[in-house]
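# Observations on chain architecture
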Amino acid sequence: MLASLCQVWISPAIGQQKISKENIAFIKYVGFPDAHSTWDDIGYSKRFGKVVVGVTNHVDKVVLFDYDVTTGKMTNNGSLADRAHLRPFQWQGKIHSKIIEGKDGYMYFSTDGGESREEYFMEHPAGYAGGFFMKWHPATNDFVNLGMGMQYESVKDIDIDPVSGKLFGVSYPQVHFLVYDPAKNSMKDLGRLGSSHVPRVLFTDWWGNCYYVDWRQRLVKYQTAQDTLLFARESLPAFEGTPGEKIVTGITAYAKDQKNNVIYLITYGAKIVAFYPQKDGIGRVEDLGGVADSRPDVKPYGPYVPNLNIGDNGKLYYFIGGHGNFLIKDRTVMMEFDPRTRKHTIIYEYPVDQLSEATGSDTKDKFGNLYFAGRRQLDSHDRSEPFLIKFNPGKKVSK
Amino acid sequence: MKIRFIKNLLVLGLVGLAGPVFAQYSYFKPLEGFGIEASLSNTSLKRMPMYRNAITSLTVQKDYIIGGTTATGNRAPFLFVASLSKREMLTLKDLNDEVPGQTSIRTGFFRAEDKALYAGTIATATGSGHLLRVVVGADAGIQVTDLGTPVPGEGVFALTGDDRRKMIYGISYPSGFFFSYNIVSKSFKVYKNSGVTPADLAILVHEYHQKPEEFLSGAMITDGQGLVYTSQPINRLVVFNPADESFTTITELPAVWGRRTLGRTESWTKTADGLLYGGNAGDGQLFQLNPSTRKVKNLGKPAMMNRLRGLCVGADGKLYGLSGALPGYVHLFSYNPSDEGFTDLGNPQFILKAPGIEQGIEWRGFQLSTITASEDGKYIVMGEDEALSQLLIFPVDNGSPKE
């Protein structure tokens, strides 16, 4: 089915990038014919050299895959419900969180309803029971269900304090910030931080502090040493006229450059931001402009970018498009952005039946390959096919 | 295929924020409904900081929304004033500046004829609660008078009053003693026989693992004759007669089979015809009490969840109330005694505008703790019970919210 992806159209604008279709590969998931999509549920195990992805049929089955970056082998690690010993009333629609490596080598993630049943039946016995924290070990294949976050609430994203092992989570739809210490089985609910729409992304700095946003798109820092929340005084940059619903949804993706002490963020309002974290207090924020050069037919805050990676060359790579928001109508583009020169370059352009959406943040292997969780649209009735995207701006990649 | 199509449309709306939202349910979004940002941490704006702002007491005097909050931990609560017409916070008073060591104002306000408001507090772990007299001036200034401690070592969990007798009545926390305060003589009286009995405590605490806030009456009301209605464990609707200082059990609160142990009143309101309407926290029933006949009519549950945290009467003659609580959501509902019965309005979602968010953001009310009507009944005001709580307000216009 993915044979058609060989027909990827490459923009003539690649210029000196010398990036060709040989620099990108779309890799199939195996043994899951009903696979429908992925959403941000991707991460990299540095210790074991595996990219881990949660793939869903978007109804009632989620399968955990790993891709060995050395051998190129894709492995199906079984259904989440079976591995986590879930009962039917604990059905899960998807993994919506990043999949993040802990110091114990386990890959941590959380689960989400991701289904009409969650939205419509809500807090009802026929509705959604609640999302779980879970972990899986890439070497031993050990799988542990760490328990539920909040009753009836899913856990949209998590991150981890690499030092203490504490997990951070955000609930849906009530936007509660959760801190879970697996070592003590201690779950702290620090309360609601958002308005009517849940910001989807948490991220951490090098000291284990975790960041989220409030309804004014101000950074909120969980100070891990103090076990307290610190709110930024100012909102993140936004284009003039950015609608409220984009402000309240915060950031969509991030990529970290620890060597230069910067974390790049993309907002729901299509801004690229350089955030310079500091151990204490909120760090400096620099507005790097929009995700694309301005176009007369597109509002500057319009393009949708739920993904971001940083190459070994220091440049940012992201796909624009998805969920009806495109830079070019019904086409998904991959952008290269140089934070130093602030130059945008479209590298690839795909019709939606080849690539309709890519998600995932900061997923890079030891070879400098960047990974995204992609999918392509099969018809106008939301049937889609997910696949793993592997990209390297500096060299050819293989599947 | 159809399911996928529906899902696609849903996702477009919920995740992509693009295009029309397919919805089998909708939020309560009446025209002219609005929010007031009451809480925000680290700001120069007049806002309450995190964990000190759960709006647990609320009333309206002319243009002023007056609130009292509950804090978490050992933090102190606030009294605040917001303007209905300006849609902004006007005054904040840190209660720690007036009465140190308090953590909650959760009784609601009793408004006396002279416009003074009476409320009770709960102290941090080791202290005593106080009875407060609160006066809001024309300039929105808040004047607090500490009237003292009704029951040493206890807080004030619920409160009402009687203008004719110049009396305040309350329930202490955690022991549940009924007390009175004579406004003229400034004297307290505690009815020691009114507390939770050791036998009931054995059941409630040791057998059912309930906390005092889960079995004490959270709301009281006085009828036109000066009789005071409250509840006492287990599940008893009780009236106090000030004339002979007697307590009489009227009946059991309406309960769902098997859950009568959870029964307690947590909201009351009075309609123009003198009928009383109450909410039972245990399983969320609305009931009507005719004080003349002392007959109780079970009106049923507005929504599936337990709790019924607030009730008020709008200018349209309908009751508005808050059904449900964590772990579910609060459902705003209306009840029309004449013909309509219950209408489940769901979560309200109103536009909140403030400096810095002039374009407006939508604020969805998940956990609402208080509801009250303006003096003319034309505005319904709700307060949240969150880590950062806001006010949500909507007008009622000659019969119903403007849709």
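Just so it is clear, the model here is predicted, and its values are computed rather than measured.

Here we take up the overall build of chain A. In terms of regular secondary structure, chain A is built from three helices and 30 strands. Here the C-alpha atoms of chain A give a radius of gyration of 20 Å, agreeing with the 21 Å that 2.2 N^0.38 yields for 399 residues. A buried classification covers 67% of the 399 residues belonging to chain A. Summarising the internal contacts of chain A: among those between residues at least 6 apart in sequence, 54% fall at separations of at least 24. Accessible surface, chain A as shown: approximately 13,900 Å² in total, 50% of it carbon and sulfur. Distance between charge centres in chain A, computed from 48 positive and 46 negative side chains, equals 4 Å.

Looking now at the interface of chain A and chain B. Each partner contributes residues to the interface: chain A has 55 residues there, and chain B has 54 residues. Note on chain A versus chain B: buried area summed over both sides is about 4,500 Å², and carbon and sulfur give 58% of it. Its largest share of buried area at the contact with chain B, chain A owes to Y120, R192 and W215 of chain A, together 18% of the area lost on that side. At the boundary of chain A with chain B, the tally comes to three salt bridges. For E37 of chain B, the salt bridge identified is with R216 of chain A, shortest N-O distance 2.6 Å.

All right, on to the pattern of salt bridges then. Two side chains that carry opposite charge are able to pair once their charged atoms sit near each other. Residues and elements named next belong to chain A. For the structure on display, the rule yields 38 salt bridges over all chains. R295 serves as the salt-bridge partner of D297, at 3.9 Å between the closest nitrogen and oxygen. The partly exposed category is assigned to R295, whose relative accessible area is 31%. Residues joined in a network through salt bridges with shared partners are K98, D157 and D159.

Right, let's get into the confidence of the model for chain A. The share of residues in chain A with pLDDT of 70 or more is 96%, and the mean pLDDT across the chain is 94. In this model, residues 1-7 of chain A is a region of pLDDT below 50 whose contacts with residues beyond four sequence positions or in other chains number 18 contacts.

All names here are of chain B. Assignment of secondary structure puts M48 in the loop between strand 1 (34-36) and strand 2 (54-61). Each C-alpha atom, one on M48 and one on G129, is 22 Å from the other, the two residues being 81 residues apart in sequence. Aside from chain neighbours lying at most four places away, what touches M48 is A38, S39, L40, N53, T69, F78, F80, M89 and L92.

On to the confidence of the model for chain B. Across chain B, pLDDT averages 93, with 93% of residues at or above 70. Across residues 1-22 of chain B the pLDDT falls below 50, and counting only partners more than four positions away or on other chains, this stretch makes 57 contacts in the model.

Once that is clear, we can look at the environment of D339 of chain B. All names here are of chain B. Within the fold, D339 resides in the loop between strand 26 (331-336) and strand 27 (341-346). For the pair formed by D339 and R260, sequence separation is 79 residues and the distance between their alpha carbons is 29 Å. Here the side chain of D339 touches N336 through a polar contact of 3.3 Å, side chain to side chain.

Turning our attention to the sheet that holds strand 8 (residues 117-120) of chain B. All names here are of chain B. The strand order across the open sheet formed by four strands is 7-8-10-11, and the pairing between neighbours is antiparallel. Two strands lie at the open edges of the sheet, namely strand 7 (110-111) and strand 11 (142-146), each paired on one side alone. Across five bridges, strand 10 (residues 131-136) lies against strand 11 in antiparallel orientation. From the neighbouring strand, R133 faces strand 11, where its bridge partner is T145.

All names here are of chain A. Along the chain, N307 turns up in strand 24 (residues 307-310). Reaching out from N307, the side chain makes a polar contact with the backbone oxygen of A358 at a distance of 2.8 Å. For N307, the contacting residues outside a window of four places in its chain are T252, A253, I266, Y317, Y318, F319, A358, T359, G360 and F372.

Attention now moves to the pairing of strand 13 (residues 167-173) of chain B. Residues and elements named next belong to chain B. Burial within strand 13 is extensive, with six of its seven residues counted as buried. Pairing analysis gives seven bridges linking strand 12 (residues 155-162) to strand 13, with the strands arranged antiparallel. Within strand 13, the residue paired with G155 across the bridge is Y173. As consecutive antiparallel partners, strand 12 and strand 13 are separated by four residues, and within that stretch K166 has a phi angle of approximately 55 degrees, a positive value. Across five bridges, strand 13 lies against strand 14 (residues 178-182) in antiparallel orientation. What sits directly across from G170, in strand 14, is F179.

Turning to the nonpolar core, a few remarks are in order. With 44 residues, the main nonpolar core has F177, L193 and L229 of chain A together with M382 and F394 of chain B as its most contacted residues. The residues contacting L229 of chain A, other than those within four sequence positions of it, are F177, L190, L193, V220, K221 and Y222 of chain A together with M50 and Y51 of chain B. Core analysis: the second largest hydrophobic core is formed by 23 residues, V262, Y264, A292 and I328 of chain A among them.

Looking now at unusual backbone geometry. All names here are of chain B. Backbone torsion omega between Y173 and P174 reads 15 degrees, so that peptide bond is classified as cis. With respect to the secondary-structure elements, P174 resides in the loop between strand 13 and strand 14. Of note, the amide linkage connecting L326 to P327 takes the cis form, showing an omega dihedral of 10 degrees. Of note, the phi angle at K62 is positive, near 50 degrees, even though the residue is not glycine. One can find K62 in the loop between strand 2 and strand 3 (64-70). Although it is not a glycine, R307 adopts a positive phi angle of roughly 75 degrees. Tracing the backbone shows R307 in the loop between strand 23 (295-300) and strand 24 (308-313).

Procedures and definitions
Each chain carries its own residue numbering, running from 1 in the direction its sequence is written. As they are written, the chains are lettered A onward and the ligands numbered 1 onward, keeping that order. Local features in this predicted model are restricted to residues of pLDDT 70 or higher, and side-chain atom pairs are both shown and tallied only at a pLDDT of 80 or more, whereas totals for entire chains, interfaces and linings draw on every residue. Processing note: side-chain calculations cover all non-hydrogen atoms of the structure and skip hydrogens and water entirely. Numbering of helices and strands runs from the N terminus, with a helix taken as a DSSP run of H or I at least four residues long and a strand as a DSSP run of E at least two residues long. C-alpha atoms define the radius of gyration, and 2.2 Å times the number of residues to the power 0.38 defines the globule rule. Think of it in three bands: with a 1.4 Å probe and only protein chains considered, a residue is buried below 20% of the maximum accessible area for its type, exposed above 50%, and partly exposed in between. We call two residues contacting when some pair of their heavy atoms lies within 4.5 Å. All accessible-area figures derive from a Shrake-Rupley calculation using a 1.4 Å probe, and residue coverage is judged against the displayed protein chains alone. Residues counted as positive are Lys and Arg, residues counted as negative are Asp and Glu, and His and the chain ends are not counted. The location of each charge is read from NZ of Lys, CZ of Arg, CG of Asp or CD of Glu. When two parts are brought into contact, each loses some accessible area as probed by a 1.4 Å sphere; the total of that loss over both is the buried area. Salt bridges are counted wherever a side-chain nitrogen of Lys or Arg sits within 4 Å of a carboxyl oxygen of Asp or Glu. Residue-level confidence of the predictor, termed pLDDT, takes values from 0 up to 100. Any N or O atom pair separated by 3.5 Å or less is treated as a polar contact, with the protein-specific requirement of one donor-capable and one acceptor-capable atom, and with residues adjacent in sequence counted only for side-chain atom pairs. We call two strands paired when DSSP finds no fewer than two bridges between them. In this text, buried Ala, Val, Leu, Ile, Met, Phe, Trp, Tyr and Cys residues form a nonpolar core when linked through side-chain atoms within 4.5 Å.

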